[in-house]
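Single-letter residue listing:
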Amino acid sequence: MTGLAEFWAASPIWRDPLLASLLAGALLGFLGVYVVLRRVVFVSAALTQLSTLGVIVALLVLERLDLETEHQEIQLVVAWVFSVGGGLLLGTLGWGRRLPAEAGVGMAYVVAGALVILGANRLVHVAHDLNTLVFGNAVAVPFQDVGILAGVTALVAALHTLFQKEIVFTSFDRETAEAMGVRAPLWSGVLYFTIGLAIPVAAHALGALPVFAFLTVPASAALVLSRRLRVAFALATALGALAAGGGYLASWFLQVPTGATMVALSGLLFAGAWLARGARA
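Residues numbered from 1 in each chain as written. Predicted model: local features only at pLDDT ≥ 70, side-chain atom pairs only at ≥ 80, totals over all residues. Heavy atoms only, no water.

1. Observations concerning helix H8 (residues 164-172)
Because an α-helix completes one turn every 3.6 residues, residues spaced three or four positions apart along the sequence face the same direction.
Here is step 1: For H8, the set of buried residues is Ile167, Val168, Thr170 and Ser171.
Here is step 2: Tucked inside the fold, the buried residues of H8 contact helix H2 (11-37), helix H7 (143-162), helix H9 (174-179), helix H10 (184-206) and helix H13 (229-254). (Buried < 20%, exposed > 50% of the residue type's maximum accessible area, 1.4 Å probe, protein only. Helix = DSSP H or I, 4+ residues; strand = E, 2+ residues; numbered from the N terminus. Contact = heavy atoms within 4.5 Å.)

Have a look at this one:
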């Protein structure tokens, strides 16, 4: 009882980070259904890497201009430029018959990863911040970031509500969509735009590792439990929010790293979904 009383007394500290975790988990869980069903898991990894590269570039530029590296709004804007730009390129750019689309994804991932390592090598004095970015530490999310995350969530939800038919059609039956005159590259670009928009702001709050996990694990668990697309979207959204929010609370009480706890809990949820499917079968 004393522990619970202390927890509620500390609500001004954990309220905003918990809300950010719930929003990010739900948003990424929803988008993860597209990522998993389209078999583009490494696209999310590549965009996460590009987002991290954007933060590195922002820090290097701020340092070069002798400005404070704590300008997180600048870091977020540059990360958006890299992530959204990469998403639009990967979603709309054709590689021809000689190269599959996965070739572009692989090149984006490895080149961005190499540049992140090189850039981080010159930012040793902010190594702690970079470590937090990669592994996640949603213990101090300001209300401003919660507002930005809520705005991105609302925008993504609006786009996927208004153009659900086109995005789903081109995502899962592209050849038929093109034969019927649907502009598949456009709607594929819209999907990748929303993914690229969500990754930087979620990574800013949770870290890159939880972002990659929430774009794959909750959706996988939902698809194990249901073959119906609408149900899978709803389950993935709920499981993403549960893993993020539950992981944050568990890390609070257990005093363990937040991002890793969220990822571990999402893995447990997937294991539970797999066992439930086996029991039902």
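Structure shown, so let's carry the discussion forward.
2. Focus: the pattern of salt bridges
When the charged atoms of two side chains lie near each other, side chains of opposite charge can form a pair.
Here is step 1: Summed over the entire model, instances satisfying the criterion amount to 1 salt bridge.
Here is step 2: Notably, a salt bridge pairs Asp16 with Arg15, separated by 3.9 Å at the nearest N-O pair.
Here is step 3: Its relative accessible area of 45% is what places Arg15 among the partly exposed residues. (Salt bridge = Lys/Arg side-chain N within 4 Å of Asp/Glu carboxyl O.)

3. With respect to the environment of Leu50
Here is step 1: Examined against the element boundaries, Leu50 turns out to sit in helix H3 (residues 41-64).
Here is step 2: For Leu50, a relative accessible area of 13% translates into the label buried.
Here is step 3: C-alpha separation for the pair Leu50 and Gly113, spaced 63 residues apart in sequence, amounts to 7.9 Å.
Here is step 4: Leaving out residues up to four positions away in the same chain, Leu50 has contacts with Phe82, Gly86 and Ala112.

4. Brief notes about the confidence of the model for the protein chain
Here is step 1: With 86% of its residues at a pLDDT of 70 or more, the protein chain shows a mean pLDDT of 84.
Here is step 2: Highest mean pLDDT in the protein chain belongs to helix H12 (residues 217-225) (94); lowest belongs to helix H6 (residues 127-135) (59). (pLDDT = per-residue confidence, 0-100.)

5. What about the packing of aromatic side chains?
Here is step 1: All told, the structure shown has 8 aromatic pairs when counted by the stated rule.
Here is step 2: Between the aromatic rings of Phe163 and Trp187, the centroid separation amounts to 5.0 Å while the plane-to-plane angle is 40°, which identifies the pairing as tilted. Of this pair, Phe163 sits in the loop between H7 and H8 while Trp187 sits in helix H10, and the two are 24 residues apart along the sequence.
Here is step 3: Exposure remark for Phe163: the relative accessible area of 28% places this residue in the partly exposed category.
Here is step 4: You can call Trp187 buried: its relative accessible area is 15%.
Here is step 5: Ring geometry for Tyr248 against Trp252: centres 6.5 Å apart, planes inclined by 40°, an arrangement best described as tilted. Of this pair, Tyr248 and Trp252 are both found in helix H13, 4 residues apart, which corresponds to roughly one turn of the helix.
Here is step 6: With a relative accessible area of 2%, Tyr248 lands in the buried category.
Here is step 7: Through pairs of rings, three or more aromatic residues link up here, namely Phe30, Tyr34, Phe172 and Phe233. (Phe/Tyr/Trp six-rings, centres within 6.5 Å; stacked < 30°, edge-to-face > 60°.)

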